[in-house]
Amino acid sequence: MKKLMQNDIFLRIFSLALAIFCWIYIVFITNPEIEIKINNISVSLANHQAIKNEGYIVSNEINTTVNIKIKGTRRMLADLDEKSIIAYVDLTDCTDAKTYDLPINIKLPYDGISLVSSDVTKISVDVDKYSTKDIPISYTYSGSLSPHYSINGEPQLANKTVTISGPEPILSTIEKASITINLDNASDDISGFAPITLLNSNNSQVTSSTIDVKNDKISYKCTIYLEKVVPIEPTLSNATKFEGKIQGNNYVTIEGPASKINVITSIPTKTIYMGDTEGLYVTNLNLPEGIIVKEDIQTVSVQVTKK
């Protein structure tokens, strides 16, 4: 034994074993009480639906976090973090439109744990009347269409208005809602869903987590037309003996759905019935269904001569 006690390696092993034993004894047998800090616990609102039922709502943004110190046995506190603890304010008695200083309640997961301290004990909560209103939806465009394409008329929106709910003072500043329709290089009809942006009288965006938007995305459809320049072709009842020539500009710009425009190479006139007589005839264009002429052309003049 004396030789072992004088052996350096033995003393080191013995000291390590003794330290491990003491640690096991302290941690698992005596299980002492300790204090720990837990930071960044989010503060939530309790019973907000109850005051909404009474016609009130919290109007300020609540983004408060608290840092606390708690006390308990080592084993109880071993796995705790900010998600294990609930910090909340109770809105039950907030049934008037004013600012309240409400205490922050801390709910601990085990009875054997106690709160030692908290760096924030109260928060200010603004309560206002709960209101609902309908506002009109407008639209704007972003991007640009492919060359020679244009938008035909107004876009079709699934709804003309949107219903919003929230604190009355905030809702009173909102004048309209808007969606943005992306046109980037479109060459066919556009449809989809666009998120709603709430705007005040200065067209500035109004944002608040306290505002509830019913159907916060709106479906839309835009009809896209293709533009094309084509010649006008006279149509004669007796084309075997006569020929016609357009007087003045014999080209027009037509537009319509791309599927129709792409197969059109010319626009005919209404049939000219001339019998056996040459002369200058006035007639209309014979436009295919769904095709329009961009120029302000009501009639065209056709000089008819014998071949």
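**Q** I keep staring at the pairing of strand E1 (residues 33-46) and nothing clicks. Help me out?
**A** With eight bridges connecting them, E1 and strand E3 (residues 65-73) associate as antiparallel partners. By the bridge assignment, Ile 36 is partnered in E3 with Ile 70. The pairing of E1 with strand E4 (residues 86-90) spans four bridges and is classified as parallel. Paired with Leu 45 across the bridge in E4 is Val 89.

**Q** How should I be thinking about the pairing of strand E8 (residues 122-142) in this particular structure?
**A** Note on strand geometry: in a regular strand, side chains alternate between the two faces of the sheet. In this sheet, E8 lies alongside strand E2 (residues 56-58) in antiparallel orientation, the contact comprising three bridges. When the sheet's bridge partners are listed, Val 58 is paired in E8 with Val 127. Pairing analysis gives five bridges linking strand E5 (residues 99-103) to E8, with the strands arranged antiparallel. Bridging across to E8, Asp 101 finds its partner in Ser 124. The pairing of E8 with strand E10 (residues 161-167) spans seven bridges and is antiparallel. Counted as the bridge partner of Thr 132 is Ser 165 from E10. When E8 meets strand E11 (residues 176-182), the two strands line up parallel, connected through six bridges. Bridge pairing in E11 places Tyr 139 opposite Ile 179.

**Q** Mind showing me how you'd approach the sheet that holds E1 here?
**A** Within a sheet, adjacent strands bond to each other through the backbone by hydrogen bonds, running parallel or antiparallel. Strand order in the open sheet formed by five strands is E6-E4-E1-E3-E7, with mixed pairing between adjacent strands. Every interior strand has two partners, whereas the edge strands, strand E6 (105-107) and strand E7 (114-118), have only one. Averaged over all neighbouring strand pairs, the angle between strand axes comes to 40 degrees, with direction disregarded.

**Q** Would you mind showing me how to read the pattern of salt bridges here?
**A** Oppositely charged side chains can pair when the atoms bearing their charge come close. All told, the structure shown has two salt bridges when counted by the stated rule. Among the salt bridges present, the one from Lys 294 reaches Glu 227, with a minimum N-O distance of 2.7 Å. In this pair, Lys 294 is assigned in the loop between strand E20 (292-293) and strand E21 (300-306) and Glu 227 in strand E15 (residues 217-233), connecting sequence segments 67 residues apart. With relative accessibility at 27%, the residue Glu 227 sits in the partly exposed group.

**Q** Would you mind going over the side chain of Thr 210 with me for this structure?
**A** With respect to the secondary-structure elements, Thr 210 resides in the loop between strand E13 (197-199) and strand E14 (212-213). A residue is classified by how much of its surface remains accessible, and Thr 210, at 11% relative accessible area, is buried. Only 2.6 Å separates the side chain of Thr 210 from the side chain of Ser 208, close enough to count as a polar contact. Filtering out sequence-adjacent residues up to four positions away, Thr 210 remains in contact with Ile 57, Val 58, Ser 59, Asn 60, Ser 165, Gly 166, Pro 167 and Ile 170.

**Q** Please explain the nonpolar core as it appears in this structure.
**A** As a rule of thumb, nonpolar side chains are buried together in soluble globular proteins. Counting 25 residues, the largest nonpolar core has Ile 70, Leu 91 and Val 125 as its most contacted members. Elements with a contribution of two residues or more to this core: E1, E2, E3, E4, E5 and E8. In this structure Val 125 touches Val 58, Asn 60, Ile 62, Leu 91, Lys 98, Thr 99, Tyr 100 and Leu 102, once residues within four positions along its chain are discounted. Of all hydrophobic cores here, the second largest spans 24 residues; its members include Ile 137, Ile 164, Leu 183 and Ile 211.

What counts and what doesn't
- Residues numbered from 1 in each chain as written.
- Predicted model: local features only at pLDDT ≥ 70, side-chain atom pairs only at ≥ 80, totals over all residues.
- Heavy atoms only, no water.
- Pairing = 2+ DSSP bridges.
- Helix = DSSP H or I, 4+ residues; strand = E, 2+ residues; numbered from the N terminus.
- Axes fitted to C-alpha atoms, helices over the stretch in contact; angles between N-to-C directions.
- Salt bridge = Lys/Arg side-chain N within 4 Å of Asp/Glu carboxyl O.
- Buried < 20%, exposed > 50% of the residue type's maximum accessible area, 1.4 Å probe, protein only.
- Polar contact = N/O pair within 3.5 Å; in protein donor to acceptor, adjacent residues only side chain to side chain.
- Contact = heavy atoms within 4.5 Å.
- Core = buried A, V, L, I, M, F, W, Y, C linked by side-chain atoms within 4.5 Å.

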